[in-house]
Structures are given as C-alpha cells and as structure tokens.
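Examination of the molecular architecture
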Amino acid sequence: MTHDHTFNKVSEIILKNVGQTKLNLNRNTLSSDVDGWGSLQHIMIISEIEETFGIKFDFMEILEMKSVGDICIAIEKQNS
Amino acid sequence: MAQLADYLNSSEFANGKTIAITPLRAASQLKNPKASGSDIVLNIAFDENNEIIGYIGALPHKVNDIKCAWNSCWWVKPGTPAQISMKLLFMFIDNWGKKVLFSEMTPHTSKIIEKLGFCKNLTTFGFRGYFRFPLAEVLPQKKPFLKPIAPLLVLADKTLNFGLNLRDVLIRDKCSLSIEKTDLLNNADDLFISKFDMHSPGKRNSNDFNWISQNPWLIEPENAQPRISNRYYFSYQTQRFETAWLRFFDKQKQVGLVAYSIRNNSLKLPYVYCEKEYAYEISNYFLTLLKTDKRITSLTTFHNALTEAFKQQHCFLYKLTIPKYSAISKQLLSECKIDSPIFQMGDGDAIFT
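Residues numbered from 1 in each chain as written. Chains lettered and ligands numbered in written order. Predicted model: local features only at pLDDT ≥ 70, side-chain atom pairs only at ≥ 80, totals over all residues. Heavy atoms only, no water.

**Some words on the nonpolar core**
Counting 48 residues, the largest nonpolar core has Val10(A), Ile14(A), Ile49(A), Phe57(A), Leu89(B), Phe92(B) and Phe102(B) as the members making the most contacts within it. Per-element tally for this core: the top contributor is helix H4 (residues 82-95) of chain B, with 7 residues. Counting 31 residues, the second largest nonpolar core, distinct from the first, contains Val255(B), Val258(B), Tyr285(B) and Phe286(B). (Core = buried A, V, L, I, M, F, W, Y, C linked by side-chain atoms within 4.5 Å. Buried < 20%, exposed > 50% of the residue type's maximum accessible area, 1.4 Å probe, protein only. Helix = DSSP H or I, 4+ residues; strand = E, 2+ residues; numbered from the N terminus.)

**Some points on the side chain of Lys324(B)**
All names here are of chain B. Mapped onto the secondary structure, Lys324 falls in strand E11 (residues 318-329). An unpaired buried charge is present at Lys324: no salt bridge exists, and Asp347, the closest side chain of opposite charge, is 5.9 Å distant. Of the polar contacts made by the side chain of Lys324, one reaches the backbone oxygen of Gln344; its length is 3.3 Å. When neighbours within four sequence positions are excluded, Lys324 is seen to be in contact with Glu104, Leu122, Thr123, Thr124, Phe302, Phe343, Gln344 and Met345. (Lys, Arg positive; Asp, Glu negative; His and termini not counted. Salt bridge = Lys/Arg side-chain N within 4 Å of Asp/Glu carboxyl O. Polar contact = N/O pair within 3.5 Å; in protein donor to acceptor, adjacent residues only side chain to side chain. Contact = heavy atoms within 4.5 Å.)

**So, the interface of chain A and chain B**
Each side of the interface is counted separately: chain A has 14 residues, and chain B has 13 residues. Taken together, the two surfaces of chain A and chain B that pack against each other cover about 1300 Å², and 81% of this comes from carbon and sulfur. In this structure, Lys115(B) engages Glu64(A) in a salt bridge whose closest nitrogen and oxygen atoms are separated by 3.6 Å. On the surface where chain A and chain B come into contact, there are 2 residue pairs in polar contact (both at pLDDT 80 or more). Elements with a contribution of two residues or more to the side of chain A that touches chain B: helix H2 (39-53) and helix H3 (59-64) of chain A. (Buried area = accessible area lost by both parts, 1.4 Å probe.)

**Observations concerning helix H4 (residues 68-79) of chain A**
Under the 1.5 Å per step criterion, the end-to-end length of H4(A) is 17 Å for 12 residues, consistent within 8% with the ideal 16 Å. Looking at the buried positions of H4(A), the neighbouring elements they touch are helix H1 (3-18) and H2 of chain A. (Expected span 1.5 Å × (residues − 1).)

**Re the pattern of salt bridges**
All names here are of chain B. Applying the stated criterion across every chain yields a total of 14 salt bridges over all chains. We note a salt bridge from Lys67 to Asp39, for which the minimum N-O separation is 2.7 Å. Of this pair, Lys67 sits in strand E3 (residues 66-76) while Asp39 is found in the loop between helix H3 (23-30) and strand E1 (42-46), placing the two residues 28 residues apart along the sequence. Here the salt bridges do not stand alone but share partners, grouping Arg240, Glu242, Asp293 and Arg295 into one network.

**A short note on the sheet that holds strand E9 (residues 266-274) of chain B**
All names here are of chain B. What the 11 strands build is an open sheet, ordered E1-E2-E3-E4-E11-E5-E10-E9-E8-E7-E6; its pairing is mixed. The open sheet has two free edges, formed respectively by E1 and strand E6 (178-182), since each of these has just one partner strand. Across the sheet, the mean angle from the axis of one strand to that of its neighbour is 25°, orientation sign disregarded. (Pairing = 2+ DSSP bridges. Axes fitted to C-alpha atoms, helices over the stretch in contact; angles between N-to-C directions.)

**Some words on the packing of aromatic side chains**
Scanning the entire structure with this criterion turns up 25 aromatic pairs over all chains. Geometrically, the ring pair formed by Phe59(A) and Trp74(B) is edge-to-face, given 5.8 Å between the ring centres and 80° between the ring planes. Residue Phe59(A) is found in helix H3, and its partner Trp74(B) is found in strand E3; the two belong to separate chains. Look at Phe59(A) and you get buried, because its relative accessible area is 8%. Its relative accessible area of 18% is what places Trp74(B) among the buried residues. With a centroid separation of 5.8 Å and an interplanar angle of 65°, the aromatic rings of Trp70(B) and Phe343(B) are classed as edge-to-face. Within this pair, whereas Trp70(B) is found in strand E3, its partner Phe343(B) is found in the segment after helix H13 (330-336), the two being separated by 273 residues in sequence. Judged by relative accessible area, Trp70(B) falls into the buried class, the value being 0%. (Phe/Tyr/Trp six-rings, centres within 6.5 Å; stacked < 30°, edge-to-face > 60°.)

Following this line, the structure appears as structure tokens:
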C-alpha cells in the first residue's frame, strides 16, 4: 500500500466521522484544527481505521496520534 | 448510584462471568456521606453477548465543597480494543465535569493520564521497611516459577524469622507518648486534623473516616459470599484485614493521629497527622507493634516525617523507597484553589483495601 493511498483512505475516514466532506486535510493537520474531531470522534475514527487496515493500536499509540500524519505513520509502521 | 442495587439484583450480576463491583463495595458506596443518588459511580461496557468487557468506577468526593470523584478501578478484559478503555475513561471524566482525581495509579496509567494533558500528575516517594523475611510473600509474585515451592519458602521464613527474635529483644526504644486506640473519630479529631490538611485535596473528616471504618471493601474468607472473588478483578477477600486509629499524647496534649491497617502481612499507615518533632516517637510505637505482632513482615508509609524517622531506625532487614502516582485534574485544581496539592497514602479508595 502506498503512502498516498494510506493518506487518502485515512482522510476519507476522518472526514466522514467529523461530518465534513469539503475540508482539505494534509499530513500536518491536527485533530484540534478540525471542527467536530473531539475525543469520541477520535475513538470512532481509530476504530474504523483499524477495521479498514486490519490492524490494532494500543492505548498509548492512540493517544500519541495528534495529526493526520501521525495516524498515517502509525498505520505504515504496523504494515511494514 | 440509585441503580447500583438494581445491578446487584440483575441477571447480569447473578450469571455473568465477570462482575463490575462487589456487594461490599456497592454497600459502601451507598453510604458515602459525600455522595448523592444521582452520582454516576460505575460505567460498564458489555459485548454483543451481554458479557462485561470493561468498567470504570468513581468514588464521589468533595474538595472545599466542590463535587468531584476519585477514579476507583478501571478494567478491561484482555484483548478488548483500546477504544473501549478510552471511552470508559472519557465517560468518567465527562460524568464528573472534568473534576477528577487519581490515586495509586500504575506507572502505565500514570503515563496515559499525563499524556492526556488535563491533569497535574504527582509522584511521591514513601518508605517500605521489611522487618521480617517475606520470602513466601514476595518471591512467588516476582518469580512465578517459585509458586510450587511456596510451602518451602514459608518454612524458610519461619526459620529465618526465628533467628530474628534476638534482634527483637535488643529493640529497647519505646514510644514515650501515651496512646489511645479507637475505631471511630469525633469532632475533637476533626479539629486536630484541620491543622494539617490545608493543602490536601483528599482531605476527609471524622464522618468520612467513620464511614470508611464501618464499610471496608475486604472480607475474611469465612464471611465471604461465593462466586465473587473469582469474577471480580480487584480485591474482595483477604486472610486478615484490620484497621484502627491511634491518638498520641504528649502529657495531655494531642500530638498525633495515625490510621493504620494490617492486610495479611503488611502494615500500612494510610493517614498520618503529626508534627515533625514527634515522628521519631511515633515510629518507636510502630516498631513495638512490629516486634509483638509476628505475622507482620513489612511497614509502609508515605508521610515525610515518619519516612525520615523510620529510615533512622536500624532494625529493618531491608528498606525501600517506593513511588506513588497520583493526579488531580487542572479543572478541579483551579476551582478548589489549592496551589500545591499534597496527597496522603490513604486518599481515594486506597484506604478501603
């Protein structure tokens, strides 16, 4: 899976769960920059990402994900 | 709170492989003088088969009349997704308006709470002194492969500890203060305590302490209900659990008030109120207790002055400095206006077990 594919898929999941379709995300976008990306949405985003990519994160990894890029790196680390 | 009794009477409680609270803890919660009927004291997560996969508890408290809660137990079934654990934690924090406290956290939980950034984390260091050989108590926990030879370790302890009787004879220092033992505190004790706990978010009064004394969370096996211990992750049953308060007097003047608990072989001092200058005398009292009660192997305290006093005593086989991890939410800190919070060992639910 390419980095771009991972990023696109993660962005799609995030935008769907925060209820925004037109926002432009990049790897540096922080969860705190996005309206609607609160702690409960974060849990739902991570659940869907785990299911989509067939991976599991632990508590500390989830807490360390502050940006879109952090999530992508965590996915790529599990898949490598 | 009002639904706790419903849960205890439910089929989930009767038939489930896991239970989220024991009848003892529930009965105790219902009598908490700082709680009200609408307080949420337990959040439970169930799977699709209605089996419990996680829970988080709250112990209602008040700091300077501000309602808040201690976290009291947080468990998820191994293998459960981390999100369930997170969701339970966030529910606890939200239920209490971000006015929460944590005591006796594991290092892992402490890192999580620190990472979340909404609390002030505190690490305090206390004293644990081993007065007798605790091989049978300590070694199998650290090295599980030794469990089959636990009876041999008990024999080794008995032999080695017999040899310590000579040391006990040589311990001459006695406490020069007069002492009164009591199970219950009164208004005079509240007045005494108030001189010491100004910076303590965990502060309790005689009403609270008497509720705690009369509603322990541990029970001896002969009085325990069946099918509780094996379905509850945290403590329920123990061979020995005793608690009491000691008032120390220098002539007629009260100079100390100390709570102690003995759980199996461990003596702990969950609450200590005393002036620094009397700490050494008070430590002498506990050495006498250690000498006479031959079942006790260790003593633990986090009180600064007592820690220093015990470190000066030469009769311990081994002395350890041990950490304790606590946290208080920034929201609560700013509302209760305590700048430098100080916690006692028994704060939160620690005193109950």
